[in-house]
Amino acid sequence: MEEGARSCLLRFRHRLEQDIKPSYLMDHMISDGVINVDEEERIRTQPTRKDQAVALLELLLRKDNRAYISFYNALVKETYDDLANLLYDDLPQISANAHKSSSDGWTPHVQMVLSEGGVPQRPVVFVSRPELLNRVRERLYRLQKEPGWVTVFGMAGSGKSVLAAEAVRHQGIIEECFPGGVHWLSIGQLDKPDLLVKIQSLCFRLEQSLDSQSLHRPPNSLDEAKERLRFLMLRRYPRSLLILDDIWDSTVLKVFDIQCRILLTTRNRSLTDSVSGAKYEVEVASGLDENKGLEILALYTKTNPQGLPEEARSIVRECKGSPLVVSLIGALLKEKPNRWRYYLCQLQQKQFKRIRKSSSYDYDALDQAMAASIEVLPDEHQELYKDLTVLEKDIKIPAKVLSILWDLEPEEVEDILEEFVNKSLLFVDSHNKPYLYYLHDLQLDFLVEQNRTQDLHTKVVRQYQQHYRDDPPTSGDEECLYWIRFLTYHMARANLSQELYSLMFSLDWVSIKAQIMGPAHLINDYVEYGPILDKEVMRSQFQEFLSLNGHQLEQRPFPDVVQLALSQPPTSEVYRQALLQAQDRASKGKLYVDWLNKSSVESLSRLVIHPHQGSIYSACFSQDGAKIATCGASKTLKVFKSTSGEKLTEIQAHDDEVLCCAFSPDDRLLATCSSDRKVKVWNVERAMLLRVFAEEHEEQVNHCQFTNTRRQLLLATCSNDKFLNVKVCESLGALCLTYCYFYGCCIRLCFCVLLLCMQLFQVSSANEWKTINVSSMFTESDEEVLVKCSTWTADGKRIICAARNAVLVFDVETSDMLLEIRTSRLSMVQYCHACPTSNLLAIAFSNYAVELWDLEANKKMADCSGHLSWVQRVQFSPDGSQLLSCSDDQTVRVRLNKCVRDGMTGSVLFQSEEMSSRIRCTCMCRQPSVVALGQENGTVQVWSWQSGEGRVLKGHKEQVRCFSLLSHSPARLLSWSFDGTVKVWDVESGEKLQDIEAHRGAILSCHVSPDGCFFATTSADKTAKLWHCESWQCVHTLSGHQDCVRSCRFSWDSRRLATGDDNGEIRLWSVKEGALLKICSRDGKDGMDSLHGGWVTDLHFSSDNSLLVSTGGYIKWWDVEKGKALQTFYPTGSALKKIHVSCDFSTFVTIDNIGILYILQRVV
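Conventions we followed
- Residues numbered from 1 in each chain as written.
- Predicted model: local features only at pLDDT ≥ 70, side-chain atom pairs only at ≥ 80, totals over all residues.
- Heavy atoms only, no water.
- Buried < 20%, exposed > 50% of the residue type's maximum accessible area, 1.4 Å probe, protein only.
- Helix = DSSP H or I, 4+ residues; strand = E, 2+ residues; numbered from the N terminus.
- Arc of directions from axis to C-beta.
- Polar contact = N/O pair within 3.5 Å; in protein donor to acceptor, adjacent residues only side chain to side chain.
- Salt bridge = Lys/Arg side-chain N within 4 Å of Asp/Glu carboxyl O.
- Pairing = 2+ DSSP bridges.
- Axes fitted to C-alpha atoms, helices over the stretch in contact; angles between N-to-C directions.
- Phe/Tyr/Trp six-rings, centres within 6.5 Å; stacked < 30°, edge-to-face > 60°.
- Core = buried A, V, L, I, M, F, W, Y, C linked by side-chain atoms within 4.5 Å.
- Contact = heavy atoms within 4.5 Å.

Peer 1: Any chance you could explain helix α4 (residues 37-44) here in plain terms?
Peer 2: For an α-helix, the turn length of 3.6 residues means that residues three or four places apart are oriented alike. Those residues of α4 lying buried are Glu 39, Glu 40 and Ile 43. Burial along α4 is one-sided: seen end-on, the buried residues are contained in an arc of 100 degrees. Pointing more than 90 degrees away from the buried face of α4 are the exposed residues Val 37, Asp 38 and Arg 42. The backbone nitrogen of Glu 39 has a side-chain oxygen 2.8 Å away, supplied by the residue at the start of α4, namely Asn 36.

Here you go:
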């Protein structure tokens, strides 16, 4: 390896070891042949990513120049642009012998050889493309020992000719491979007479360089010209290179099939199929990267790239970096430098004819170059190519879709598409099976400018309707995905409003598209095509259904959409269609339930997203409110549209849990911090890592926050290592920092510490401004308590912090406490955030709730239910119109602030007298008329509601779990407890009749068989037991559950027993034999969830014993004989404890953990 390259690797070794992921880079380096599989395996066996990076760099330092170049190219391909830029200046030039150093091509000898051979000079404006250049030179070195062909191919205007000329502008190439010289011949679209003239001219040039006796008369035919050229190249100019520029036709290429060394440029990749000899290819990417494009514009306008206007970047992006377009516009701007916006508008409006400039290129406008490529196609294929106008930008399409559009056999379509690809009119993604095809943006723009798109889109829709007359595609393959995703797009572009209306307001279509594509695409359709649909009420009904049930529609197995839709308001079109379908299917034996009292419950959530597997630790709005970023235990960062929940970006951000994310003031950057001790800054639009801060903290980084002004962009981070970092700020003492928050124009920064105080700092000087001590508010305990977060009110006069179960509001100037909000001792405050536009404060709790308080009125405004686990964070949108919350239940919820404030209210209807110990269960007995109360301290109290007398039954050592009356003896009461015992009591006398040591663990449920012969117990010891009611002996021990057995129920004929455990599994047993009959379907909601969305808490058989209903995280109905789930009802909350079932098994009543009552009735 050259000394300069080696020195560069050593100089930037630390940066490379910190950031690269070797596994990604080594795939490219193996493909280039610079490392082998054994070397890769040795590196992969290193224990950590950093160790792998160290091993890879050690290996590189022992390799040659090719390894350095391959490593550089791998960095570029994996978007490590900042690291690649560090290595660029020391890139070695490829040489056939690695030990020889290469010099630049600009030597007098090289210039003379190229000039004599007619090789074009460098363009006046030239930028290097080192990766491509090295690939071409590497192929040319393969011609050193034998003749052959090197094909440089790509679409119009991609820079093939410039690249070919630059590849031979190199002393090592000429001296080692082509000492006989380099000869350039521009071909283009020629007929035979013109081609003959070209070859005559080349022969004359070659002979003129020899002695005068070698001159012959010009050849008179192509055959004679071919033989003359063969003689000259093999005998007089051995080991020379012939460059054929812009070849279009294979018949032209055959004339040069003379066993010499040839480099050709073409748009048609397949041209060399018609000739003999060794063949090598280099594909030229259709566009330059953004920095190269900006460099061209800067050279033309004689401006520093950093000084270019914003329109320059937009021009490069709009044309996807096309060298031709960038050069054409650059040449125009050279003469009229004030027309940046004008030429950008022309490009955006596809006015290609106005972007023209005379140059050395054969076509002085882009439309001419595009048209020339299409005109060489047969007439019938030109018509087919025109149909590609209907494609969306950057969308890849399978051949089967075009088979339907063109009404041709798939094999015939594949042959036509191969022709388009070979002529660089179409691109193919060969990594997919089947292959996927796509157009470059410029090709698509040209087609759109040339053709009437509405008629073509209509053709697409009609062909689809003809092919899928009976049922839409549901296979899930690439063809199906295309139709499901883009059928609405084609209908809208064809202005087929009636067809679009019928499709999008069909629950069948919603079900199909949601199952295949997910709900976000559907929501986008309603947002995008709303003006065409012209049914605002109905559109909002479908959109609301998808938004609120999106997290369910993303689960697998896929839920029954009709059942979900039955929970919609009775006035909704979604509900109307669902009820009709449910009634129709119920008549054929399908089970559906209707939520009768749903109108009494108003949903406050505007959108529910299920972005991650595992807890979500942070979610935040962008400054414009259009995007939501989330992160959590899955180690990923994701960005969604706030209107539809559509995922815009997903990044594997860190090697450990991502604890916080934050947008910059201009929304262009996202910062993340993690348990891996790193802080990273990302480009939001390109999902590209810009900066890693790996050494600022020694422990996990808890929070990050940008300044809230664009004037001076600072990033504050805080960590368990007791340091706050605002880049240039000094460390601030030995305290554990949990949260930091800017106020105003970067004037003050607040952070929280473990010792129950908040410290405020002046950002400009990093000096402490004020400390507010809140330890006096927690005198009930000597323990140190974490101050979890702080937030400024909109006016900046108050600061609010959260600690334990309290939220405290302080006056910033006086440090006086203005307000204290306390919760119950069982709930902890996780987070709070003040609305930036009002006096509202949102508080997140560990009891799954979010509360909204008015700080002026000192009054709670609303309870926001919906989450099923700890709420980790809440945040208002910058305009205060929306409230965002994220939770350990793996969901993010977006609520409209107005709906929350005007939302549900409630009042306590009845409250019993407070007792010394909590009441955990009750049981009513009619004969005698008493009520039994089971308490947490293990006592049972029996009260007569007629006389008011009561007695205390003592015997249990731990909490009484529940009661059951023995049906054959109404005066006997069965109680069971966490102490593992079952006791039988005489209700009238209070005498303990039986004391049974039933289980080693806590007893969780008990049920008496309808015939009164048996009772069953289940326990935390993972077993269930059957007991005889006369002998009180255990008849059977039922083993097999893998978790606590939480519930049990006998069938009405007392022949079966159903048991449910904490993993969501339900088992059916024979009472007589104690044998396992069936394990109910193990289909789960997803890989992270239990089989029932939680513990199985209750079970009930139908009167004919054919059906079973169970509760847990949701309600499920089962076929007893098959053990198969028939239906699932998803409540708003979770942790359903009990369900009450009518005698005819038609009505079901339950309540969830957030207090919502459900009255469900079977649809008939």
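Peer 1: Which parts of the structure should I look at to understand the pattern of salt bridges?
Peer 2: Pairing between side chains of opposite charge can happen when their charged atoms approach one another. Scanning the entire structure with this criterion turns up 43 salt bridges. In this structure, Glu 281 engages Arg 269 in a salt bridge whose closest nitrogen and oxygen atoms are separated by 3.0 Å. Taken together, the residues span a long stretch of sequence, with Glu 281 in strand β5 (residues 278-283) and Arg 269 in the loop between β4 (261-266) and β5 at a distance of twelve residues. Given a relative accessible area of 32%, Glu 281 falls into the partly exposed group. On the basis of relative accessibility, which here comes to 31%, the residue Arg 269 falls in the partly exposed class. Salt-bridge contacts for Lys 513 lead to Asp 525; the nearest nitrogen and oxygen are separated by 2.6 Å. Of this pair, Lys 513 sits in helix α27 (residues 507-517) while Asp 525 sits in helix α28 (residues 519-528), and the two are twelve residues apart along the sequence. Each member of the pair Lys 513 and Asp 525 is classed as buried. Connected through salt bridges with shared partners, the residues Glu 290, Arg 313, Arg 317 and Glu 685 form a single ionic network.

Peer 1: Explanation requested: the sheet that holds strand β48 (residues 1034-1038) in the structure shown.
Peer 2: Across a sheet, paired strands are connected by hydrogen bonds in the backbone, their directions being either parallel or antiparallel. Judged by pairing direction, the sheet is antiparallel, and its four strands sit side by side in the order β45-β46-β47-β48 without closing on themselves. The open sheet is flanked by β45 (1003-1008) and β48, the only strands paired with a single partner. Between one strand and the next, the sheet's axes are offset by a mean angle of 15 degrees, whatever the strand orientation. With four bridges connecting them, strand β47 (residues 1024-1028) and β48 associate as antiparallel partners. In the strand pairing of β48, Ala 1024 is matched with Leu 1038.

Peer 1: Looking at this structure, I do not really get the packing of aromatic side chains. What am I missing?
Peer 2: Here a ring pair, both rings aromatic, is described through the centre-centre distance and the interplanar angle of the planes. In the structure shown here, the tally under the stated rule is 20 aromatic pairs. Taking the centre distance of 5.1 Å and the plane angle of 45 degrees together, the rings of Tyr 464 and Trp 483 count as tilted. Placement of the pair is Tyr 464 in helix α24 (residues 453-467) and Trp 483 in helix α25 (residues 478-493), with a sequence separation of 19 residues. According to the relative accessible area criterion, Tyr 464 is buried, its value standing at 7%.

Peer 1: Explain the nonpolar core to me, please; I cannot follow it from the model alone.
Peer 2: Within soluble globular proteins, side chains that are nonpolar tend to cluster in buried spots. Core analysis: the biggest nonpolar cluster contains 115 residues, and Tyr 385, Leu 388, Trp 406, Leu 417, Phe 420, Tyr 526 and Phe 545 have the highest contact counts within it. By residue number, the principal contributor to this core is α25, which donates nine residues. Filtering out sequence-adjacent residues up to four positions away, Leu 417 remains in contact with Ala 399, Leu 402, Trp 406, Leu 426 and Tyr 437. Ile 20, Ala 55, Leu 59 and Tyr 72 belong to the second-largest nonpolar core, a separate cluster that totals 31 residues.

Honestly, that's just the spatial picture; any functional story needs more than this.
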